[in-house]
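Listed here are the chains, written in short residue letters.
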Amino acid sequence: MNEIKQPEFKEMILTRTLNAPRDLVWKAWIDPNMVSQWWGPHGFTAPLCQLDLRPGGEILIHMKDPDGGINPMNGTYKEIVTLEKIVFSSYIAFEMDGKKPAAEIQITILFADKGSQTELQVRALPIKVDPELYPAVEGMEEGWTQTLDKLTAIFA
């Protein structure tokens, strides 16, 4: 049986300048009510958003797709530096043909004060990805781009 070798996934880095001070952008990432307003690609909503913002704390977000399906994203916070950095591992698993393939992605969010604006950087590094989820991970940049579009629109 041939084993599929995991591709060398590169770290995704996206940067946005948001038209809001850093404390408001920070709040958009730590307040479950705010996160649920923008999390997920276009057409997705986040009807469930639970955030235990502390190292070792859990994150659970249910993304509801346009067809009504629920796509859970859970993870564990690794590092929190107030107003500067959030690091968490994101675990994604989908039911496919009776199996539950999974992926682990390390997400780092950096916040930089730019006067009345905030520079936000999102870094995503795949750690482990089951072969069935290679296409999802390869599409991660588009998903994050759309998600950040929604976040940016909140502060437009």
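Residues numbered from 1 in each chain as written. Predicted model: local features only at pLDDT ≥ 70, side-chain atom pairs only at ≥ 80, totals over all residues. Heavy atoms only, no water.

Peer 1: When you look at the overall build of the chain in this model, what are you seeing that I'm missing?
Peer 2: A tally of helices and strands in the chain yields 4 helices and 7 strands. Along the chain, helices and strands appear, N-terminal first, in the series β-α-α-β-β-β-β-β-β-α-α. The C-alpha radius of gyration computed for the chain amounts to 16 Å, which stays within 12% of the reference 15 Å derived for 156 residues, consistent with globular compactness. The dimensions of the chain, computed from C-alpha atoms along their principal axes, are 55 × 30 × 30 Å. Looking at the chain as a whole, 38% of its 156 residues qualify as buried. Here the analysis covers contacts within the chain between residues at least 6 apart in sequence; of these, 49% occur between residues at least 24 apart. Between the mean site of the 15 positive side-chain charges and the mean site of the 22 negative ones, the chain shows a separation of 3 Å. (Helix = DSSP H or I, 4+ residues; strand = E, 2+ residues; numbered from the N terminus. Rg over C-alpha atoms; globule rule 2.2 N^0.38 Å. Buried < 20%, exposed > 50% of the residue type's maximum accessible area, 1.4 Å probe, protein only. Contact = heavy atoms within 4.5 Å. Lys, Arg positive; Asp, Glu negative; His and termini not counted. Charge placed at Lys NZ, Arg CZ, Asp CG, Glu CD.)

Peer 1: Can you help me understand the nonpolar core in this one?
Peer 2: Soluble globular proteins: nonpolar side chains tend toward being buried together. One finds Trp-29, Trp-39, Ile-61, Leu-120, Val-122, Trp-144 and Leu-151 to be the most contacted residues of the largest nonpolar core, which totals 40 residues. No other element matches strand β6 (residues 102–114), which puts 5 residues into this core. Among all residues touching Trp-39, those that are not within four sequence positions of it are Trp-29, Phe-44, Thr-45, Ala-46, Ile-61, Met-63, Met-73, Phe-88, Trp-144, Thr-147 and Lys-150. (Core = buried A, V, L, I, M, F, W, Y, C linked by side-chain atoms within 4.5 Å.)

Peer 1: Whenever I open this one, the pattern of salt bridges confuses me. Can you help?
Peer 2: Should the charged atoms of two oppositely charged side chains come close, the side chains can pair. Here the structure, examined in full by the defined rule, presents 5 salt bridges. Close ionic contact of Glu-11 with Arg-123 constitutes a salt bridge, the shortest N to O distance being 3.0 Å. Taken as a pair, Glu-11 in the segment before β1 (12–18) and Arg-123 in strand β7 (residues 117–129) lie far apart in primary sequence, 112 residues in all. Residue class for Arg-123 comes out partly exposed when judged on its relative accessible area of 24%. Here Asp-130 and Lys-128 are joined by a salt bridge, their closest N and O atoms 2.7 Å apart. (Salt bridge = Lys/Arg side-chain N within 4 Å of Asp/Glu carboxyl O.)

Peer 1: It is not clear to me how helix α4 (residues 140–154) should be interpreted in this structure. Could you clarify?
Peer 2: Residues three or four positions apart in an α-helix share a direction because the helix packs 3.6 residues into each turn. Look at α4: 22 Å from first C-alpha to last across 15 residues, which is about the 21 Å you get at 1.5 Å a residue. Within α4 the residues assigned to the buried category are Met-140, Gly-143, Trp-144, Gln-146, Thr-147, Leu-148, Lys-150 and Leu-151. Buried residues along α4 sit against β1, α1 (22–30), α2 (32–38), β6, β7 and α3 (134–138). (Expected span 1.5 Å × (residues − 1).)

Peer 1: Sorry, what's going on with the pairing of β7 here?
Peer 2: Within a regular strand, the side chains alternate between the two sheet faces. Examined bridge by bridge, β1 and β7 share 7 bridges and lie antiparallel to one another. If you follow Met-12 over to β7, its bridge partner there is Ala-124. In the sheet, β6 pairs with β7 via 12 bridges, with the strands oriented antiparallel. By the bridge assignment for β7, Gln-106 is matched with Leu-125. The loop that links β6 with its antiparallel partner β7 comprises 2 residues; one of these, Gly-115, has a positive phi angle of about 70 degrees. (Pairing = 2+ DSSP bridges.)

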